[in-house]
Amino acid sequence: MTSLASLRVAQTLGMLGLLPFFALAVLAWLPDSAAAGSLAIASLARLSLAAYAAVILSFLGAVHWGLALSGAEMRLPLARQSLLWGVMPSLLGWLALVLLFVGFAAWLVFALLIADLLLARLMDGALLRQHASDHRGYLELRTRLTVGATLALAIALAGSL
């Protein structure tokens, strides 16, 4: 992070980004009979939560593309790793959505999304530590946000058993 001000903005936006995770996780606990018109609220919340997690995973992968393509000096092997890894979170999120659409149990999809988020954080740490610049502020923020997102998905997982 380049400055304390930008770190605070990122922290604020990141924490606000957890609100949909928790709101949808709570709504996923509603009984299947709870509906808004013809829509079952819990089913819509589970689908929306999985979609939001998949979008967030895509965002996390894009960070690595941004770093690799930023113009900063980066060794070719690290640039390749960053670009290759950068597409993986999107693919994993997409796979989770497809599994939900074809009828896999929501709890299984949430478990996959939890694993995907944890893997993304693990890869962030492994790849970013190889960069010349200091990414500790980002990694600390990512850790907090990953904990929050995985907690929300675990809440929804428990409600969908």
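Starting afresh in each chain, residues are numbered from 1 along the sequence in its written order. Per-residue local features are limited, in this predicted model, to residues with pLDDT of at least 70; the limit for side-chain atom pairs, both in listing and counting, is 80 or more; totals at the level of whole chains, interfaces and linings are taken over all residues. Computation of side-chain values covers all heavy atoms of the structure but excludes hydrogens and water.

Caption draft 1: Layout of the overall build of the chain. Elements are defined by DSSP. Helices are runs of H or I of four residues or more, strands are runs of E of two residues or more, and each kind is numbered from the N terminus. The number of helices and strands found in the chain is five helices and two strands. Each helix and strand of the chain, ordered N terminal to C terminal, gives the series α-β-β-α-α-α-α. Between buried and exposed lies partly exposed: a residue is buried under 20% and exposed over 50% of the maximum accessible area for its type, with that area taken using a 1.4 Å probe on protein chains only. Counting all 161 residues of the chain, 38% fall into the buried class. For this analysis, residues touch if any pair of their heavy atoms sits within 4.5 Å. Taking the contacts inside the chain whose residues are at least 6 apart along the sequence as the reference set, 68% of them involve residues at least 24 apart. What sets the accessible areas is the Shrake-Rupley method with a 1.4 Å probe; for residues, cover comes only from the shown protein chains. With the model as given, the accessible surface of the chain reaches about 8,800 Å², and the carbon-plus-sulfur share is 73%.

Caption draft 2: A look at the packing of helix 2 (residues 41-68) against helix 3 (residues 76-101). Comment: axis = line fitted to C-alpha atoms, over the contacting stretch for helices; angle = value between 0 and 180 degrees taken between N-to-C directions. Direction vectors running N to C along helix 2 and helix 3 enclose 170°, while the axes themselves pass 7 Å from each other. Considered as vectors, helix 2 and helix 3 are oriented roughly antiparallel to each other. Residues Arg-46, Leu-47, Ala-50, Ala-51, Ala-54, Leu-57, Ser-58, Gly-61, Ala-62, His-64, Trp-65 and Ala-68 of helix 2 pack against Ala-79, Ser-82, Leu-83, Trp-85, Gly-86, Val-87, Pro-89, Ser-90, Gly-93, Leu-97, Leu-100 and Phe-101 of helix 3. Lys, Arg, Asp and Glu make up the charged group, whereas Ala, Val, Leu, Ile, Met, Phe, Trp, Tyr, Cys and Pro make up the nonpolar group; the residues left over, Gly among them, are polar. In the contact of helix 2 with helix 3, the residues fall into 16 nonpolar, seven polar and one charged. The cut-offs work like this: below 35 degrees is roughly parallel, past 145 is roughly antiparallel, 65 to 115 is roughly perpendicular, and the gaps in between are oblique.

Caption draft 3: Representation of helix 2 within the structure. A helix is expected to reach a length of 1.5 Å times the quantity of its residues less one. Between its terminal C-alpha atoms helix 2 stretches 41 Å, which fits the 40 Å expected from 28 residues at 1.5 Å a residue. Residues of helix 2 that are buried include every one of Ala-42, Ala-45, Arg-46, Leu-49, Ala-50, Ala-53, Ala-54, Leu-57, Leu-60, Gly-61, His-64 and Ala-68, and no others. Where the residues of helix 2 are buried, they touch helix 1 (4-27), strand 2 (39-40), helix 3, helix 4 (106-128) and helix 5 (136-159).

Caption draft 4: Highlighting the nonpolar core. Ranked by size, the top nonpolar core spans 39 residues in total, and within it Phe-21, Leu-49, Ala-50, Val-109, Phe-110, Leu-113 and Leu-153 carry the most contacts. Among the secondary structure elements, those contributing two or more residues to this core are helix 1, helix 2, helix 3, helix 4 and helix 5. Residues grouped as a nonpolar core are buried Ala, Val, Leu, Ile, Met, Phe, Trp, Tyr and Cys residues, joined through side-chain atoms within 4.5 Å.

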